[in-house]
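Working through the structure, step by step
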Amino acid sequence: MKRLTVAVAIVGALAAILVASRLQPPTEIRQETPRPVPMPGEGTCPPGAAASGLGPDMVRLPEGFCIDKTEVTRGQYEAWLKASPATAGQPGGCSSNADFTPTCAWEPGSNSEQPVVCVDWCDAQAFCKAAGKRLCGNAQGGGSYAFESYDDPKVSEWQAACSSGGQFEYTYGNTFDTNLCRDADADDYTTWGLADVGSFAECHSPVAAYAKVFDLSGHAAEWDNSCKGDGPDDACRIRGGSFQHHAHGTRCAMGRELEWPRSYKVDAVSFRCCAD
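All values reported here derive from a predicted model rather than from experimental measurement. (Residues numbered from 1 in each chain as written. Predicted model: local features only at pLDDT ≥ 70, side-chain atom pairs only at ≥ 80, totals over all residues. Heavy atoms only, no water.)

With that settled, the discussion passes to the sheet that holds strand 2 (residues 66–68). Read from one edge of the open sheet, four strands run 1-2-8-3, paired in antiparallel fashion. Every other strand in the sheet has two partners, leaving strand 1 (58–60) and strand 3 (134–135) as the edge strands with one partner each. Where strand 2 and strand 8 (residues 273–275) come together, two bridges link them in antiparallel fashion. Residue pairing across strands places Cys66 opposite Ala275, the latter belonging to strand 8. (Pairing = 2+ DSSP bridges. Helix = DSSP H or I, 4+ residues; strand = E, 2+ residues; numbered from the N terminus.)

We now examine the sheet that holds strand 7 (residues 269–270). With mixed pairing, the four strands of this open sheet are ordered in space as 6-5-4-7. Every other strand in the sheet has two partners, leaving strand 6 (259–261) and strand 7 as the edge strands with one partner each. Bridge count between strand 5 (residues 235–239) and strand 6: three bridges; the pairing is antiparallel. The partner of Cys236 across the bridge, within strand 6, is Trp260. Across the sheet, helix 3 (residues 121–130) is in contact with strand 4 (221–227) and strand 5; its angle to strand 4 comes to roughly 90°. (Contact = heavy atoms within 4.5 Å. Axes fitted to C-alpha atoms, helices over the stretch in contact; angles between N-to-C directions.)

This part takes up the nonpolar core. If you look at the biggest cluster of nonpolar residues, it comprises 29 residues, and the most contacted ones within it are Tyr77, Trp80, Trp121, Phe127, Trp223 and Phe271. Of the residues forming this core, the biggest block, six residues, is contributed by helix 3. What Trp80 contacts, discounting residues up to four positions off in sequence, is Leu54, Pro85, Phe100, Asp123, Ala126, Phe127 and Ala130. Among the nonpolar cores identified, the runner-up in size contains 14 residues, and Val59, Leu61, Cys162 and Tyr210 belong to it. (Core = buried A, V, L, I, M, F, W, Y, C linked by side-chain atoms within 4.5 Å. Buried < 20%, exposed > 50% of the residue type's maximum accessible area, 1.4 Å probe, protein only.)

A large share of strand 5 lies buried, amounting to five of its five residues. Strand direction decides the pairing type here: strand 4 and strand 5, joined by three bridges, are antiparallel. Across the sheet, the residue bridging to Cys227 is Cys236, located in strand 5.

Take the state of the cysteines next. One pass over the structure, following the stated rule, counts eight disulfides. A disulfide bridge connects Cys94 with Cys122, and the sulfur atoms are separated by 2.0 Å. Measuring handedness by torsion sign, the sulfur bridge of Cys94 and Cys122 sits at about -85° and is left-handed. Taken as a pair, Cys94 in the loop between helix 2 (74–82) and helix 3 and Cys122 in helix 3 lie far apart in primary sequence, 28 residues in all. Accessibility assignment for this pair places Cys94 and Cys122 in one class, buried. (Disulfide = S-S within 2.5 Å.)

So, on to helix 2. When helix 2 is considered as a whole, its buried residues turn out to be Arg74, Gln76, Tyr77, Glu78, Trp80 and Leu81. Looking one or two residues beyond helix 2, the residue adopting positive phi is Ser84, at roughly 50°.

Next comes the structure, spelled out in structure tokens:
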């Protein structure tokens, strides 16, 4: 009799649990929609100084990479120096680079919209890294590229940007025009020196997808991530010519004749950064 009573109690408890479970509203199962992961060539570019980032604003090109719209300015570079960036941890060829301060044409607080010059390859590389970007180089995912492939827009990011993916000799087209960008003005030599970045309103591609990138022909030449070796005295590419060059020197493919030691600093060479 006792066993029967226990059995009846157990059955009653199970029945009560079953009834209660039926009275409870079904638990809603929510499935989180996975956030899309940007693929290479997609997503936003790293922010520039205007959006609390570092350096110029960027634009994404059809090749998939991002590039600064202009050269890095004196003001943007000075803001970085004020943060006292560490010189440790640089690549081997830059290990002796103990100071990022430009060595000439440097008056803090002046000409803040002009391109920073008198910086070497190591300074440029360090700035781009600090900005969450990289020195423009290999179009196949960044890094350096083969020294002799400077004029291949499928290999060089800088060449792709300047030539609109291989379409033009100059950033603005195939016919030299001394009135569009800042060059040596060999016709009368009345124009010389640096100006504010982006101030040459027509010094850009006629193709809409590339038209937001300025001053790739002339103005200030630019360091590129393509070097003959890893040492401080090994040559690296300089791109685009400067205000010291004219028709031949401001071509996108001028790179073959412009190569300087990694540690070289001059008042006509600046840089811009790229990113994935």
